[in-house]
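Close look at the chain arrangement
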Amino acid sequence: MRGRTDLAVEMREDISKDNQMRGVHVLTKNHGDTDIKEIRIVVENEEGAMCLGKPIGTYITLESEGLRTYDDGYHKPMMEVLSKQLQQFIGNKKKIMVAGLGNREVTPDALGPYVIDNLYVTRHLLKEGIIKESIEISAIAPGVMAQTGMEACAILKALVKEVKPELLIVIDALAARESDRLNKTIQLADTGIIPGSGVGNHRNAINKESVGVPVLAIGVPTVIAVPTIVNDAMDVMVHALGKQTTKNVLKKFTDEERYQLACEMVTPYLENMFVTPKDIDEAVKRISYTISEAINHAAFAS
């Protein structure tokens, strides 16, 4: 294990770069003339779930350097690709609830609430007869336990019982192990989510078993652990020094041993610290808008 991560694609890299991992099917493709790369990981059975460390289900990762740019023109191609993926999960469902997880007051964790801000919510319009023909969209930003004293899972379970959606979509900020994936990766998973798991702050899982309806999780990695950065920096330092002896010593370490060494190097003050890019304010606003527009487009195209 080379550091905490919420991304299925990174967990697979921990184990094998071979597409023949038993119980796990991987498909990679590029989208047209864009730089958008799709990695679809399907965990087919319990053997695959135990190997990957993820529940049985489908995990789709969309990666693009353009997602980091300030070019507004890039919003449309990513929105369209994401929308097509969402349509596969939405199908012919007519009642959808969207939950924006996270803390609006902490920018790297504000992705979910920001997505809710730009959704086209229709449930109240249908009930009041303002519109007649439309898919029903309801939305909630339940906050975090420090604000409400309640698990997000408990809040959503109660709301699902009242609203009775056919699908719950949850959006949350994630942790990555590779700094190159920050703010350029979107993960979709039909297995739900465990809020805070990537930063070691586990909350109750939000999935079909816990809330009673299918759950689609959408996440973007916005933070990375300090020990992971230190671990990566070791390779850069050794390469710069050109010391073959040091290289040979590091080669004897397993990935797990290297990460443990990195943790010891930053203990006790930085081991549990996570950092985020300096442009996170603009990045979260920009990416959250792309995701909300993709949901709007997918919902009303279905």
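Residues numbered from 1 in each chain as written. Predicted model: local features only at pLDDT ≥ 70, side-chain atom pairs only at ≥ 80, totals over all residues. Heavy atoms only, no water.

1. Here's the deal with the packing of aromatic side chains
- Evaluation of the coordinates by the stated rule reveals one aromatic pair.
- Both rings, one in Tyr120 and one in Phe300, keep their centres 5.2 Å apart while their planes meet at 45 degrees; by these two values the pair is tilted. Highlighted residues: Tyr120 in the loop between helix 4 (111–117) and helix 5 (123–127) and Phe300 in helix 12 (residues 280–301), separated in sequence by 180 residues.
- On the accessibility criterion, Phe300 (35% relative accessible area) is partly exposed. (Phe/Tyr/Trp six-rings, centres within 6.5 Å; stacked < 30°, edge-to-face > 60°. Helix = DSSP H or I, 4+ residues; strand = E, 2+ residues; numbered from the N terminus. Buried < 20%, exposed > 50% of the residue type's maximum accessible area, 1.4 Å probe, protein only.)

2. A closer look at helix 7 (residues 152–163)
- Here helix 7 spans 16 Å end to end across twelve residues, near enough to the 16 Å set by a 1.5 Å rise per residue.
- Listed as buried for helix 7 are Ala152, Cys153, Ile155, Leu156, Val160 and Val163. Relative to the axis of helix 7, the buried residues are bounded by an arc of 155 degrees and lie together on one face. In helix 7, the exposed positions angled more than 90 degrees off the buried face are occupied by Lys161 and Glu162.
- At its buried positions, helix 7 is contacted by strand 4 (95–100), helix 5, strand 5 (136–140), helix 6 (145–148), strand 6 (167–176) and helix 8 (208–211).
- Directly after helix 7, the chain includes Lys164, whose backbone phi takes a positive value near 60 degrees. (Expected span 1.5 Å × (residues − 1). Arc of directions from axis to C-beta. Contact = heavy atoms within 4.5 Å.)

3. As for the side chain of Thr61
- In this structure, Thr61 sits in strand 3 (residues 57–63).
- Discounting residues that sit within four places of it in the chain, Thr61 has contacts with Val9, Lys37, Glu38, Ile39, Thr185, Ile186 and Gln187.

4. Description of the pattern of salt bridges
- In total, this model carries eleven salt bridges according to the counting rule given.
- Among the ionic pairs, Asp180 bridges to Arg68, the shortest N-O distance being 3.6 Å. In this pair, Asp180 is assigned in the loop between strand 6 and strand 7 (185–189) and Arg68 in the loop between strand 3 and helix 3 (75–90), connecting sequence segments 112 residues apart.
- Given a relative accessible area of 45%, Asp180 falls into the partly exposed group.
- Residue Asp180 is joined to Lys184 by a salt bridge in which the shortest nitrogen-to-oxygen separation is 3.4 Å.
- Using a relative accessible area of 10% as the deciding quantity, one classes Lys184 as buried. (Salt bridge = Lys/Arg side-chain N within 4 Å of Asp/Glu carboxyl O.)

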